[in-house]
Amino acid sequence: MCEREDGGSAEPPFGEPPLGDRPPGEGQPEDGAAFAALLEDSAEDLYEHAPCGYLSTLLDGTIVKINTTLLDWLGHKRGDLVSRRTFSDLLTVGGRLYHETHFAPLLRMQGEISGIALELKAADGSRLPVLVTSTVKTGGDGQPLLIRTTVFDARDRRAYESELLRARTQAEREREELQRLNAVLQQTLLPPALVKVPGLDVAAHYHIASTDKVGGDFYDLFPLTGGTWGLFLGDVCGKGAAAAAVTSLARYTLRAAAVYDPDPAAVLSNLNTVLNHEYNGEDPRFCTVVFGLVTPAERGGFDITLASGGHPPALLMSADGTARYLPTPGGQLIGVLPDAHIVTTTLHLGAGDTMLLHTDGLTEARAASDSLRQEDRYGDEALLDFARGLAPTTPSGAVAAIRDLLDSFGTGVDDDTAVLAIGVPRPSEEHL
């Protein structure tokens, strides 16, 4: 028991055990030596050996007080700095310039400035990255008396930032390389140039929505026997390497199947069999595709037979200024079912007529709606109205207009888009 000044015993407050009987953590630490050291810790020792640097300067920057921690960091003796040097003398050339033009003026205006990254010069010439916080101490009359500055060692932070910057630079370099590889891979999935078909104008365009992933859109135009030509345009589900593999398989299967049997329904049936056999496991892959057989007609122009496997219908922009979708009923997605139901439709392409094939990246693009004041899908009807405004047109004119339309959507195009247009020139255009 502790004794009171009157000689009696000092009892603990009601309900509390004596100090010596209290469990550890309730007024009596387990380590008595540590507790004793804590009691003996002084404010002066805390200042001198704090885990950060402290210094005080006059308003002109002259150092009047500095703690041992900061002296040890810099390798200076107290007598070298106190009343002899200014705070800006400790800074690098760039830091001194920043201090004079930004740090000091802001401190005078605000009375405080915090978390400023600077570099201090050590006695051996090395540099110490630090974070600096300064406040202006004022007297009772509100007039500034001196400046107190806290300095935090930022070497670990600088190393982390350097590593982060290195990692970011490496990631950007790898991303650029990936984009380059994607671009090269994408080009291998498309014909390097469209072949010239006597009596037919042809134009195509591929719009890339993102350079980070390879798209699954594809198209081609190629010669077959007997003066006929095959064409196709399709879209594989998904993106990336897996989609690219399916795209490559679909493209070469279509060409090979057309040589064996050029009937469009038979060509798509062959492709359906291949995709369904190859990708019917845990990662099913399918595509939409339209295949056409183009044959010169005796009366002029070309007769075209089209088959579609779940693909958006082709657009016909006629010489008389009308535009309409070409119906391809009954077409099912290619690769989903073992026996896809595929039907064909025929049309005659005369002088001044243009047929446009496209993937759904065009109609699913987001466009600003004036009526709803929000982003809506562009849609099939809007595309049909657009085509009516173009007709009559040429393949190159139609593709150029579609390119401008896609550009007008900006970031609203979130899927790759392929367009392929063929048309029969008017007699007056053949000589242009």
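Data block above holds the structure.
Peer 1: Is there a simple way to think about helix H7 (residues 241–260) in this case?
Peer 2: Residue pairs spaced three or four apart in an α-helix point in one direction, given the helix's 3.6 residues per turn. When the terminal C-alpha atoms of H7 are compared, their 29 Å separation across 20 residues agrees well with the 28 Å that a helix rising 1.5 Å per residue should span. Within the sequence span of H7, burial applies to Ala-243, Ala-244, Val-246, Thr-247, Ala-250, Arg-251, Thr-253, Leu-254, Ala-257 and Ala-258.

Peer 1: Please explain a nonpolar patch on the surface as it appears in this structure.
Peer 2: Taken together, Leu-333, Val-336 and Leu-337 make up a surface patch of nonpolar side chains, about 220 Å² in accessible area. Position of Val-336 relative to the elements: it lies in the loop between strand E14 (323–325) and strand E15 (344–349).

Peer 1: Help me understand the packing of H7 against helix H8 (residues 264–278), please; the structure alone is not making it clear to me.
Peer 2: Helices that pack against each other are described as a pair by the angle of their axes relative to one another and the distance between those axes. H8 packs onto H7 with a crossing angle of 145° between their chain directions and a minimal axis gap of 9 Å. For the crossing formed where H7 meets H8, the hand is right-handed. Only Val-267, Leu-268, Asn-270, Leu-271, Val-274, Leu-275 and Glu-278 of H8 make contact with H7, whose side of the interface consists of Val-246, Leu-249, Ala-250, Thr-253, Leu-254, Ala-257 and Ala-258. Looking at the contact of H7 with H8, its residues break down into 11 nonpolar, two polar and one charged.

Peer 1: What is the right way to read helix H9 (residues 380–390) from this model?
Peer 2: Leu-383, Leu-384 and Ala-387 are the residues of H9 that are buried. The buried residues of H9 occupy an angular sector of 100° when the element is viewed end-on, so they sit on one face. The outward face of H9, more than 90 degrees from its buried face, is lined by the exposed residues Glu-381 and Gly-389. Buried-residue contacts for H9 involve strand E13 (315–317), E14, strand E16 (354–358) and helix H10 (395–409).

Peer 1: Help me out: how do you make sense of the packing of H9 against H10 in this one?
Peer 2: At a closest axis distance of 11 Å, the pairing of H9 and H10 adopts a crossing angle of 135°. Considering the angle they form, H9 stands oblique to H10. Seen from above, H9 lies across H10 with right-handed handedness. Within the contact between the two elements, H9 uses Leu-383, Phe-386 and Leu-390 and H10 uses Ala-398, Ala-401, Ile-402 and Leu-405. Grouping the constituent residues of the contact of H9 with H10 by class yields seven nonpolar, no polar and no charged.

Peer 1: Help me understand unusual backbone geometry in this model?
Peer 2: What you tend to see is this: most non-glycine residues have negative phi, and most peptide bonds are trans. Across the junction of Ala-391 and Pro-392, the peptide omega takes the value -10°, indicating a cis bond. Along the chain, the position of Pro-392 falls in the loop between H9 and H10. Despite not being glycine, Ser-83 shows a phi value in the positive range, around 65°. Tracing the sequence through the fold places Ser-83 in the loop between helix H4 (78–81) and helix H5 (93–110). For Ser-83, a relative accessible area of 57% puts it in the exposed group.

Peer 1: Looking at this structure, I do not really get the nonpolar core. What am I missing?
Peer 2: A general feature of soluble globular proteins is that nonpolar side chains tend to end up buried together. In terms of nonpolar packing, the biggest core is built from 25 residues, with Leu-349 and Met-355 touching the most fellow members. At the level of elements, strand E9 (217–223), strand E10 (229–236), strand E11 (287–296), strand E12 (302–309), E15, E16 and strand E19 (417–423) are the ones that each hand at least two residues to this core. Not counting the four nearest positions on each side in its chain, Leu-349 is found in contact with Leu-200, Gly-301, Phe-302, Ile-304, Leu-316, Thr-354, Met-355, Ile-422, Gly-423 and Val-424.

Peer 1: Please explain the environment of Val-274 as it appears in this structure.
Peer 2: Within the secondary structure layout, Val-274 lies in helix H8. Distance from Val-274 to Leu-249, taken between C-alpha atoms, is 8.7 Å for residues 25 residues apart in sequence. Excluding its chain neighbours within four sequence positions, the residues that come into contact with Val-274 are Leu-249 and Thr-253.

Peer 1: Sorry if this is basic, but what is going on with the pairing of strand E7 (residues 144–153) here?
Peer 2: Alignment of strand E3 (residues 53–57) against E7, held across five bridges, turns out to be antiparallel. Within E7, the residue paired with Gly-53 across the bridge is Val-151. Of the strand pairs in this sheet, strand E6 (residues 127–138) and E7 are connected by nine bridges, and their pairing is antiparallel. Each bridged residue has a counterpart across the sheet, and for Lys-137 the counterpart in E7 is Leu-146. In this antiparallel pair of consecutive strands, E6 and E7, the connection spans five residues, and Gly-142 shows a positive phi of 85°.

Peer 1: What is the right way to look at the environment of Phe-222 in this model?
Peer 2: Here Phe-222 is to be found in strand E9. Taking C-alpha positions, Phe-222 is 8.2 Å from Leu-194, a pair spaced 28 residues apart along the chain. If we skip the residues at most four places from it in the chain, Phe-222 touches Val-195, Trp-229, Gly-230, Leu-231, Phe-232, Leu-254, Arg-255, Ala-258 and Phe-291.

Peer 1: Would you mind going over the environment of Pro-105 with me for this structure?
Peer 2: In this structure, Pro-105 sits in helix H5. Setting aside residues up to four positions removed in sequence, Pro-105 forms contacts with His-99 and Glu-100.

Peer 1: What is the right way to look at the sheet that holds E10 in this model?
Peer 2: Strand pairing in a sheet is mediated by backbone hydrogen bonds. Such pairs are either parallel or antiparallel. Within the open sheet, the five strands sit side by side as E9-E10-E11-E12-E15. Their pairing is antiparallel. Two strands bound the open sheet, and with one partner strand each, they are E9 and E15. On average, each strand axis in the sheet is tilted by 15° relative to the strand beside it, whichever way the strands run. Where E12 meets E15, six bridges bridge the pair, whose relative direction is antiparallel. The residue of E15 that forms the bridge with Leu-306 is Thr-345. Packed onto the sheet, H7 meets E9, E10 and E11 and runs at close to 20° relative to E9. Packed on one face of the sheet, H8 meets E11, E12 and E15 and runs near 150° to E11.

Cut-offs and rules
- Residues numbered from 1 in each chain as written.
- Predicted model: local features only at pLDDT ≥ 70, side-chain atom pairs only at ≥ 80, totals over all residues.
- Heavy atoms only, no water.
- Helix = DSSP H or I, 4+ residues; strand = E, 2+ residues; numbered from the N terminus.
- Expected span 1.5 Å × (residues − 1).
- Buried < 20%, exposed > 50% of the residue type's maximum accessible area, 1.4 Å probe, protein only.
- Patch = residues over 30% accessible without salt bridge, like charges linked within 9 Å, V, L, I, M, F, W, Y side chains within 5 Å.
- Areas by Shrake-Rupley, 256 points an atom, 1.4 Å probe, with all protein chains shown as cover.
- Salt bridge = Lys/Arg side-chain N within 4 Å of Asp/Glu carboxyl O.
- Axes fitted to C-alpha atoms, helices over the stretch in contact; angles between N-to-C directions.
- Left-handed = near helix turned anticlockwise from the far one by under 90°.
- Contact = heavy atoms within 4.5 Å.
- Nonpolar A, V, L, I, M, F, W, Y, C, P; charged D, E, K, R; others polar.
- Arc of directions from axis to C-beta.
- Parallel < 35°, antiparallel > 145°, perpendicular 65-115°, else oblique.
- Core = buried A, V, L, I, M, F, W, Y, C linked by side-chain atoms within 4.5 Å.
- Pairing = 2+ DSSP bridges.

Read these as spatial facts, not as claims about activity.
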